[in-house]
Amino acid sequence: MCNQYEMKKNSYNLDDLYTQLRNKDITDISKVQFAMLEPSGDLTVFDDQSTFSLPLILDGVIQKEQVQIMGVNEKWLDQQLKSRGYTDLASIFFVVTRTGAYTLKKNRDNG
């Protein structure tokens, strides 16, 4: 769900959240698994029946907030990468995860 810090930082309040949820025909906030306030101001919502993925690494940089949101940690991520022979984050274009599984794409620059 949107965290309070990000909402306040973006001058976004619970009335805004409920309005956007209603506009998406979501009438029960308890059914929201995850919501993301996009840079455009739009709200992306995944209900409790949805599966979604978030990037854990983009262009060799660990996305710490997404790691936390997906319920994993950097130690787990490091172990997953090392078990597949990846030791240099710079060689990784992206890693996304969904329910504990992940997809990795190498940078073309690094072979």
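Look a little higher up for the structure.
To keep things clear, this report deals only with the structure shown in the data block.

## Notes on the pattern of salt bridges
- In this structure the tally under the stated criterion is two salt bridges.
- In this structure, the salt-bridge partner of K64 is E74, at a minimum N-O distance of 3.9 Å. Note that K64 is positioned in helix α3 (residues 64–69) and E74 in helix α4 (residues 74–83), a separation of 10 residues in sequence.
- Residue K64 is classed as exposed on the basis of its relative accessible area, which comes to 57%.
- Among the ionic pairs, K82 bridges to D78, the shortest N-O distance being 3.2 Å. Taken together, the residues K82 and D78, both in helix α4 and four residues apart, mark about one turn of the helix.
- Residue classification places D78 among the partly exposed residues on the basis of a relative accessible area of 35%.

## Here's the deal with the nonpolar core
- In terms of nonpolar packing, the biggest core is built from 13 residues, with L56, I57, L77, L81 and V95 touching the most fellow members.
- The next biggest cluster of nonpolar side chains, apart from the first, holds nine residues, and it includes Y12, L17, V32 and L43.

## Topic: the pairing of strand β3 (residues 54–58)
- When you tally the buried positions in β3, you get four out of five residues, the bulk of the element.
- Bridge count for β3 against strand β5 (residues 92–98) is four bridges, and the pairing is antiparallel. Bridge pairing in β5 places L58 opposite F94.
- As paired strands, β3 and strand β4 (residues 61–62) are joined by two bridges and run antiparallel to one another. Of the residues in β4, the one forming a bridge with L58 is V61.

Conventions used here
Residues numbered from 1 in each chain as written. Predicted model: local features only at pLDDT ≥ 70, side-chain atom pairs only at ≥ 80, totals over all residues. Heavy atoms only, no water. Salt bridge = Lys/Arg side-chain N within 4 Å of Asp/Glu carboxyl O. Helix = DSSP H or I, 4+ residues; strand = E, 2+ residues; numbered from the N terminus. Buried < 20%, exposed > 50% of the residue type's maximum accessible area, 1.4 Å probe, protein only. Core = buried A, V, L, I, M, F, W, Y, C linked by side-chain atoms within 4.5 Å. Pairing = 2+ DSSP bridges.

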